[in-house]
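Take a look at the letters that make up each chain.
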Amino acid sequence: MSEQSSGPAVRIAHLYPELLNLYGDRGNVICLKQRCLWRGIGAEVEEVRLGDPIDFSSTDIIFIGGGSDREEELVCGELVAARDQLFSYVEDGGVLLAVCGGYQLLGKGYLIGDERVEGVGLLDADTTRGEGPRLVGDVAISSPLCEMPIVGYENHAGRTTLGPDAVPLGTVLKGHGNDGVSGSEGALRNHAIGTYLHGPLLPKNPQLADWLISRALERRTGKPVKLAPLPDEEERAANAAVRAHLGV
Ligand code: GLN
């Protein structure tokens, strides 16, 4: 398949890759870029590291990965300082994917014992590190964004509770999701997604990757976008393998 690129490049901002990059999260960025290139759509990745200036004025997709509690504490100050930019970007239809630690930081905060890590408050979600065991394992959810179940891998101590203004990304079919009890997984606001699913998530869920790319291109062009289909044989097989293993 051609990797020639043409047209305006999709600009992907990868936030704090040096700190927030668990369980292959960087693969989500590689997947987004490659799915654009396969279709002849240009794509560029900008890595935004701690201390770098933040400017989302020409960004099409923001990606934030997961990290340890310590790493979340290291980035939370800068992320919260960018709150106004993040709010206006998402209100304007900007596309954002945040995984696990990144998801927790987009909520109101993360209570770790007596210490509270302040979040951006973009999602009506709040997280507490529970006394119970970490929530670990493969997971499958159903989501209105995709026909295929979304599959991934979760490993988190935090339990996230959604408030009345939050819309979950999906419903847990197998696994734990936001808190292991509510049956909800992730949160969605406009075109911003927070989710506990690592994997990396997007290579095994090509419909979700294309949902993000389509929304980004629609915002850029102001027109409805229908992406050229890709064969996705390996991607669908990977999704099916996780579902078979989970019995979903
Ligand atoms: N540190 C967070 C937790 O354990 C997030 C972990 C992650 O990103 N996998 O809940």
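Residues numbered from 1 in each chain as written. Predicted model: local features only at pLDDT ≥ 70, side-chain atom pairs only at ≥ 80, totals over all residues. Heavy atoms only, no water.

### Describing the site of the ligand
Part 1 of the reasoning: In the vicinity of the ligand lie 17 residues, with Asp69, Cys100, Asn155, Gly158 and His198 positioned nearest.
Part 2 of the reasoning: In the environment of the ligand, a nitrogen atom lies 3.0 Å from a nitrogen or oxygen atom belonging to the backbone of Gly67.
Part 3 of the reasoning: About the coverage of the ligand: the protein hides 98% of its 300 Å² of free accessible area.
Part 4 of the reasoning: Elements with a contribution of two residues or more to the shell around the ligand: helix 2 (69-81), helix 4 (101-106) and strand 9 (150-156).
Part 5 of the reasoning: Along the lines of polarity and charge, the residues of the shell around the ligand split into five nonpolar, nine polar and three charged. (Near = heavy atom within 4 Å. Polar contact = N/O pair within 3.5 Å; in protein donor to acceptor, adjacent residues only side chain to side chain. Areas by Shrake-Rupley, 256 points an atom, 1.4 Å probe, with all protein chains shown as cover. Helix = DSSP H or I, 4+ residues; strand = E, 2+ residues; numbered from the N terminus. Nonpolar A, V, L, I, M, F, W, Y, C, P; charged D, E, K, R; others polar.)

### What about unusual backbone geometry?
Part 1 of the reasoning: Going from Gly199 to Pro200, the amide bond is cis rather than trans, its omega being 0 degrees.
Part 2 of the reasoning: If you trace the backbone, Pro200 turns up in the loop between strand 14 (192-195) and helix 5 (206-221).
Part 3 of the reasoning: The phi angle at Tyr23 is positive, at roughly 45 degrees, despite the residue not being glycine.
Part 4 of the reasoning: By the secondary structure assignment, Tyr23 is in the loop between strand 1 (6-15) and helix 1 (26-37).
Part 5 of the reasoning: Since its relative accessible area comes to 34%, Tyr23 is described here as partly exposed.
Part 6 of the reasoning: Phi is positive for Cys100, close to 50 degrees, though the residue is something other than glycine. (Buried < 20%, exposed > 50% of the residue type's maximum accessible area, 1.4 Å probe, protein only.)

### With respect to the sheet that holds strand 7 (residues 125-129)
Part 1 of the reasoning: The mixed open sheet is built from four strands, whose spatial order is 6-5-7-10. Two strands lie at the open edges of the sheet, namely strand 6 (115-118) and strand 10 (158-162), each paired on one side alone. Across the sheet, the mean angle from the axis of one strand to that of its neighbour is 20 degrees, orientation sign disregarded.
Part 2 of the reasoning: Here strand 5 (residues 109-112) runs beside strand 6; their pairing, made up of four bridges, is antiparallel. Each bridged residue has a counterpart across the sheet, and for Tyr110 the counterpart in strand 6 is Val117.
Part 3 of the reasoning: Helix-sheet contacts for helix 2 involve strand 5, strand 6 and strand 7, and the interaxial angle to strand 6 is about 45 degrees. (Pairing = 2+ DSSP bridges. Axes fitted to C-alpha atoms, helices over the stretch in contact; angles between N-to-C directions. Contact = heavy atoms within 4.5 Å.)

### Some details on the pattern of salt bridges
Part 1 of the reasoning: In the structure shown here, the tally under the stated rule is 13 salt bridges.
Part 2 of the reasoning: Here Arg26 makes a salt bridge to Glu47, at a shortest N to O gap of 2.9 Å. Residue Arg26 is found in helix 1, and its partner Glu47 is found in strand 2 (residues 41-48); the two are separated by 21 residues along the sequence.
Part 3 of the reasoning: Overall, Arg26 belongs to the partly exposed group, its relative accessible area being 32%. (Salt bridge = Lys/Arg side-chain N within 4 Å of Asp/Glu carboxyl O.)

### A few points about the layout of surface pockets
Part 1 of the reasoning: If you add up the space inside the largest pocket, you get close to 370 Å³.
Part 2 of the reasoning: Along the walls of the largest pocket sit 19 residues, with Pro206, Gln207, Asp210, Trp211 and Ser214 positioned nearest its centre.
Part 3 of the reasoning: Per element, the largest residue contribution to the lining of the largest pocket is six residues, and it comes from helix 5.
Part 4 of the reasoning: Estimated volume of the second largest pocket: approximately 190 Å³.
Part 5 of the reasoning: As for the second largest pocket, its lining consists of eleven residues, of which Trp38, Asp232, Glu233, Glu234 and Glu235 are closest to the centre.
Part 6 of the reasoning: Grouping the amino acids of the lining of the second largest pocket by side-chain chemistry returns six nonpolar, no polar and five charged. (1 Å grid on protein atoms, 1.4 Å probe; cavity = no way out; pocket = protein on both sides within 12 Å on 5 of 7 lines; lining within 4 Å. Points joined across faces, edges and corners; volume = space filled by probe spheres on them.)

### Remarks on helix 6 (residues 233-246)
Part 1 of the reasoning: The terminal C-alpha atoms of helix 6, which comprises 14 residues, lie 20 Å apart, in line with the 20 Å expected from a rise of 1.5 Å per residue.
Part 2 of the reasoning: Listed in full, the buried residues belonging to helix 6 are Glu235, Asn239, Val242 and Leu246. Viewed along the axis of helix 6, the buried residues span an arc of 60 degrees, placing them on a single side of the element. Along helix 6, the residues that are exposed and aim more than 90 degrees away from the buried face are Glu233, Glu234, Ala244 and His245. (Expected span 1.5 Å × (residues − 1). Arc of directions from axis to C-beta.)

### Some details on the state of the cysteines
Part 1 of the reasoning: Under the definition given, this model contains zero disulfides.
Part 2 of the reasoning: Counting only cysteine sulfurs, Cys31 is the nearest neighbor of Cys36, a cysteine outside any disulfide, at a range of 9.4 Å.
Part 3 of the reasoning: The thiol sulfur of Cys146 is not disulfide-bonded, and the nearest other cysteine sulfur, from Cys31, lies at 12 Å.
Part 4 of the reasoning: On the basis of relative accessibility, which here comes to 9%, the residue Cys146 falls in the buried class. (Disulfide = S-S within 2.5 Å.)

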